[in-house]
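Now for the letters of each chain:
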Amino acid sequence: MAATVFHQAIGTLQSHGYFNNSSFQQEHGNTSLRLMSKGFRVDYRSKNRSFIVSQASTSQTSMFSPISSPSKNNTTDSRKKSNEAALILVRHGESLWNEKNLFTGCVDVPLTRKGVEEAIEAGKRISNIPVDVIYTSALIRAQMTAMLAMAQHRHKKVPIVVHNESEQAKSWSGIFSEETKKQSIPVITAWQLNERMYGELQGLNKQETADRYGKEQVHEWRRSYDIPPPNGESLEMCAERAVAYFKEHIEPQLLSGKNVMIAAHGNSLRSIIMYLDKLTSQEVISLELSTGIPMLYIFKEGKFMRRGSPVGPTEAGVYAYTKNLALYRQKLDEMFQ
Ligand SMILES: O=C(O)[C@H](O)COP(=O)(O)O
């Protein structure tokens, strides 16, 4: 039964390019089927009939533009000419309530030590990819993840939270050096990128809830597209605000050639990935995101192309996709060696 569901789901996700081929091995002694994909490792958990998408041991990415040196401001930005931009998505690292297996939703819980390490590791994976602007949810676990990840970046630009919530906040956070501004990355926080609001499940233990209401019911609340948990948001409702925000605020940045990182949540990112990869409401049921694993898309000629999860900076393959990325890497090497 589990294998049938697995093969059906593999088929639909394969048609969207999630996997290279069907080379997978069924693991014995546990409930997962593992499949190495292009850029993703996909674990199938027969227990809750879901896929866990995480980093693969090899990967492909592409990217980007020349870098401006902190001392010599290189104003030639071939990114504009190249008409392509990078989009990095990362789910926050493990939170204290992930660790306790509690429904979290919009409750504002910080990272665990493991979550901090995951965020640092995510940062290492993207440390050679230029980032011009960062979006995070309004929740601390996503913000911690973004900040910890950027602290690993080779360029050492400083991520700075934008405070536009009032005129005073805006003026009091002013920066009066153009050079300093150039060495900063704006971090824009948006509640629209928050985790789905889990309603009356927030704070409840996931296992105990399944024991009480039944596995099927809880799976429906957690993974169906349009059935909300009691007084909470369905994935569809979450998508209405997260994808709308993405289209209105983030796509224009990509269109103008800016590279964007989004640090957000399992379900707000699932809804965005559903939009980017044109997944159906059936297909998105099987999509799960691991904590702290960056995923990379290239935005080119109005299309999003998934490139998987960037691996360590020494992986030549990461840079193989575009000339601009190779150039960027070369400049980083020259600057920081
Ligand atoms: O809000 C939560 O509890 C998690 O971040 C996501 O939970 P889920 O995997 O049940 O959607």
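Sequence order as written defines residue numbering, which begins from 1 separately in each chain. The predicted origin of the model limits local features to residues at a pLDDT of at least 70 and limits the giving and counting of side-chain atom pairs to 80 or more, whereas totals for whole chains, interfaces and linings rest on all residues. Based on all heavy atoms of the structure, the side-chain values leave hydrogens and waters out of the count.

Attention shifts here to the site of the ligand. In the vicinity of the ligand, the contacting residues are R91, L102, F103, T104, G105, E195, Y198, K206, R222, R223 and N267. Interatomic distance of 2.8 Å between a backbone N/O atom of T104 and an oxygen atom of the ligand. Here a polar contact is recorded for every N or O atom pair within 3.5 Å, except that within protein the pair must consist of a potential hydrogen donor and a potential acceptor, and residues adjacent in sequence are included only if both atoms are side-chain atoms. Contact distances for the ligand include 3.1 Å between an oxygen atom and a side-chain N or O atom of E195. In the shell around the ligand, the residues fall into three nonpolar, three polar and five charged. Here a residue is considered near a molecule or strand provided that any single heavy atom belonging to it is located within 4 Å of it. Gly counts as polar in this scheme, as do all residues outside two lists: the nonpolar Ala, Val, Leu, Ile, Met, Phe, Trp, Tyr, Cys and Pro, and the charged Asp, Glu, Lys and Arg.

What follows concerns helix α5 (residues 140-150). The classification of residues rests on relative accessible area computed with a 1.4 Å probe and restricted to protein chains. Under 20% of the type maximum is buried, over 50% is exposed, and intermediate values are partly exposed. Put simply, DSSP marks the helices as runs of H or I at least four residues long and the strands as runs of E at least two long, and each gets a number from the N terminus on. Of the positions making up α5, those classed as buried are R141, A142, T145, A146, A149 and M150. Buried residues along α5 cover an arc of 160° about the axis, so they all sit on one side. Should any heavy atoms of two residues lie within 4.5 Å, those residues are counted as being in contact. Considering only its buried residues, α5 is in contact with β5 (84-91), α4 (113-125), β6 (133-136), β7 (158-161), β8 (184-189) and β9 (260-264). Working note: the arc is built from the helix axis to C-beta atom directions.

Among the buried residues, those of types Ala, Val, Leu, Ile, Met, Phe, Trp, Tyr and Cys that are joined through side-chain atoms within 4.5 Å form a nonpolar core. L87, L89, F246, L254 and I262 are the most contacted members of the largest nonpolar core, which totals 32 residues. Mapped onto this core, the elements with two or more residues apiece are β5, β6, α10 (235-255), β9, α11 (266-276) and β10 (294-300). Residue contributions to this core peak at eight residues, all from α10. I126, I129, V131 and L296 belong to the second largest nonpolar core, which has 15 residues in total.

A separate point is the state of the cysteines. Any two cysteine sulfur atoms within 2.5 Å of one another count as a disulfide. For the structure shown, the criterion picks out zero disulfides. With no disulfide of its own, C106 lies closest to C238 among cysteine sulfurs, the gap being 8.2 Å. With relative accessibility at 28%, the residue C106 sits in the partly exposed group.

Attention now goes to the packing of aromatic side chains. Pairing of aromatic rings covers Phe, Tyr and the six-membered ring of Trp, with a centre-to-centre limit of 6.5 Å; geometry is then stacked below 30 degrees between planes, edge-to-face above 60, and tilted otherwise. Scanning all chains against the criterion turns up six aromatic pairs. A centroid spacing of 6.0 Å and a plane angle of 75° characterise the contact between Y135 and Y245, whose relative ring orientation is edge-to-face. With Y135 in strand β6 and Y245 in helix α10, this residue pair connects regions lying 110 residues apart in the sequence. The same class applies to Y135 and to Y245, which are both buried. A ring is scored as having a charge over it whenever the NZ atom of a lysine or the CZ atom of an arginine sits within 6 Å of its centre and within 35 degrees of its normal. The residue whose ring lies beneath K206 is F103, and the NZ or CZ to ring-centre distance is 5.2 Å.

Note on strand geometry: in a regular strand, side chains alternate between the two faces of the sheet. Of all eight residues in β5, eight are buried; the element is thus mostly enclosed. Of the two faces of β5, the one holding E84, A86, I88 and V90 and the one holding A85, L87, L89 and R91 are both buried throughout. Here a strand pair is declared whenever DSSP counts at least two bridges between the two strands. Of the strand pairs in this sheet, β5 and β10 are connected by seven bridges, and their pairing is antiparallel. Bridging across to β10, A86 finds its partner in I298. Looking at chain direction, β5 and β9 are connected through five bridges and run parallel.

Here the term patch refers to residues with relative accessible area over 30% and no salt bridge, with like charges joined within 9 Å and nonpolar side chains (Val, Leu, Ile, Met, Phe, Trp, Tyr) within 5 Å. For the area figures, the Shrake-Rupley method with a 1.4 Å probe applies, and any residue is considered shielded solely by the protein chains shown. We count a salt bridge whenever a side-chain nitrogen from Lys or Arg sits within 4 Å of a carboxyl oxygen from Asp or Glu. His residues and chain termini do not enter the charge count, which takes Lys and Arg as positive and Asp and Glu as negative. A single reference atom marks each charge: NZ on Lys, CZ on Arg, CG on Asp, CD on Glu. On the surface, E220, D226, E236 and E240 cluster together into a negatively charged patch. Tracing the backbone through its elements, the reader meets D226 in the loop between α9 (215-223) and α10.

UniProt positions are given in the numbering used here, feature names are shortened, and annotations may be inferred rather than shown by experiment. Sites flagged by UniProt as "active site" (unreviewed entry) map to H92 and E195. For the annotated residues, spread through 104 residues, the largest C-alpha to C-alpha distance comes to 10.4 Å, consistent with a single compact locus. Along the polypeptide, H92 turns up in the loop between β5 and α3 (96-99). For H92, a relative accessible area of 1% gives the class buried. When neighbours within four sequence positions are excluded, H92 is seen to be in contact with N98, L111, R141, A142, T145, A264, H265, T291 and G292. Engagement of the side chain of H92 in a polar contact is seen with the side chain of R141, the distance being 3.3 Å.

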